[in-house]
Amino acid sequence: MNGHNPSTSNDNAAADTSKPVPLWIAGKQVQTETTFDVISPTTTEKLWSSSSVSPSQALEALSAAQTAFKTWRHATPATIRTILLRAADIFEARQDELAGYMKAETGALANFAGFNTTQSIEVLRDVAGRAAHILGEIPKTSTPGAGAFIYKEPYGVIFGAAPWNAPYILGLRAFVYAIAAGNTVVLKGSELSPRTFWALGSVMKEAGLPDGVLSVIYHRPEDAVAVTNAIIESPVVKKVNFTGSTLVGSIYASKAGKELKPVLMELGGKASAIVCEDAEVEGAAMQCAMGAFIHAGQVCMATERILVNRKILDDFAQALKGGSEKIYAAEGEAPVLVAKATVAKNHKLLADAVAKGGKVVAGDVEAREDSAYRMRPVIVSDVKKGMDLYYTESFGPSVSLIAVESDEEAIEIANDTEYGLSGAVFTQSLGRGLKIAKQIDSGAVHINSMSIHDEATLPHGGVKKSGWGRFNAQWGLEEFLKLKTVTYME
């Protein structure tokens, strides 16, 4: 391959962190002359360097995927099942190693990294058997003597892009449903966690996935436009699959639209949790605290607004404060965020809210930690329209506490956002919870549990500017299958 040399190390071995993170192209580990540094948000020091793909190398990965598609599209369900189950076993055996990469690169705590790895194993095992259930149809036709078959076929080469915040879950689902449906994939991982994405390629290589079915690449931030445009513009790519921010997603969707290519988008969120006056206060508060502050709030499904019936506001506020302190103890280390810019953004949003009448319930808006990557949770009440925090996704350890007089007012506020990914409702009446949930314009609503919820067997995705399309289970598989009608005369 032009411009790079495959490494001579064992492709199935654990990472050699003394060398730059290699790419995976056509089943080979590829070191590039161009590299970038990966910084630990926990220590603020350099972890390692990473190879950086060029546009021409990205096109080589697409070419390999196109070649592999010619045979992979005919892979039997048994072959797919065997590879994915083997991948799950390998993932499980290497779980500590893989979680270590995620903790190092993203600052994730052990429990969140563990959730990522265990959920990924579950996804692999769930998808493994689904290829056998791709079924077409034989509809009746209106023409005498004619018949028809409706086939479900893979698209071909898929371009997937996944972010850093839950890299195993989001990276895996960016390719596993596509390959289970018979497609091949070039996956572009975040430059903030390349070693973690490398690990996904390593697991699949070790599991016996044929070369070219999956390539894994990453690049320097300054190369984003050139690499991404080259891939989307390539006639080889048949569908684009992006998980990340709404801002970047709109760029991907615009580019794909210009090329008339279908897209699957899972984007940002501004999830609301509605707490009715009959809710079990302590339990609801703990769930809301977890929904707001797990992984320092860096989750697209994170609770950003808590809408509490005024009758229980004071009791709930105290319980919420206590819950947040159980997640991040006041005397402990402050949560780590992956980017200094996100910390600065949250401070700016909070300062604006307080300047416009918001009241601090917990935390300190003025506090600054020793590291620019760290920030403690802050709860602000009396957040209203006109404050930047009301509409803007903070994607950090900030949450708004808003008093409401009725379920109707809570529903109105919950829907007063351009996002619609997830939400939560807390009440002791299932009927009331269902009635509210049906009126929330969101891809998912969870009754009596936090807004962060993702299971391998449940469809996941949003509405409005949170994206469109669904991952997981049969819904995820269907996203990567196209219909073909074949008619015949008897």
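What counts, and at which threshold
Residues numbered from 1 in each chain as written. Predicted model: local features only at pLDDT ≥ 70, side-chain atom pairs only at ≥ 80, totals over all residues. Heavy atoms only, no water. Helix = DSSP H or I, 4+ residues; strand = E, 2+ residues; numbered from the N terminus. Rg over C-alpha atoms; globule rule 2.2 N^0.38 Å. Buried < 20%, exposed > 50% of the residue type's maximum accessible area, 1.4 Å probe, protein only. Contact = heavy atoms within 4.5 Å. Lys, Arg positive; Asp, Glu negative; His and termini not counted. Charge placed at Lys NZ, Arg CZ, Asp CG, Glu CD. Pairing = 2+ DSSP bridges. Phe/Tyr/Trp six-rings, centres within 6.5 Å; stacked < 30°, edge-to-face > 60°. Lys NZ or Arg CZ within 6 Å of the ring centre and 35° of its normal.

(A) Spatial organisation of the overall build of the protein chain. A count of helical and extended segments in the protein chain gives 16 helices and 20 strands. Over its C-alpha trace the protein chain gives a radius of gyration of 23 Å, about what one expects of a compact globule, namely 23 Å for 490 residues. Out of the 490 residues belonging to the protein chain, those deemed buried represent 56%. Sequence-distant contacts in the protein chain: of pairs separated by 6 or more residues, those separated by 24 or more amount to 75%. Where the 47 positive side-chain charges of the protein chain centre and where its 54 negative ones centre are 6 Å apart.

(B) Region of the structure containing the pairing of strand β3 (residues 28–32). Buried residues dominate β3, accounting for 4 of its 5 residues. Of the strand pairs in this sheet, strand β2 (residues 23–25) and β3 are connected by 3 bridges, and their pairing is antiparallel. What sits directly across from Ile25, in β3, is Lys28.

(C) Region of the structure containing the packing of aromatic side chains. Counting across every chain of the model gives 10 aromatic pairs. Relative to Tyr391, the ring of Tyr390 has its centre 4.7 Å away and its plane inclined at 85°; by these criteria the two rings are edge-to-face. Each residue in the set Trp24, Tyr101 and Trp198 is aromatic and connected to the rest through ring pairs, giving one cluster. We note Arg195 situated over the ring of Trp48; from NZ or CZ to the ring centre the distance is 4.6 Å. Cation over ring: Arg305 sits above Tyr390, and NZ or CZ is 4.7 Å from the ring centre.

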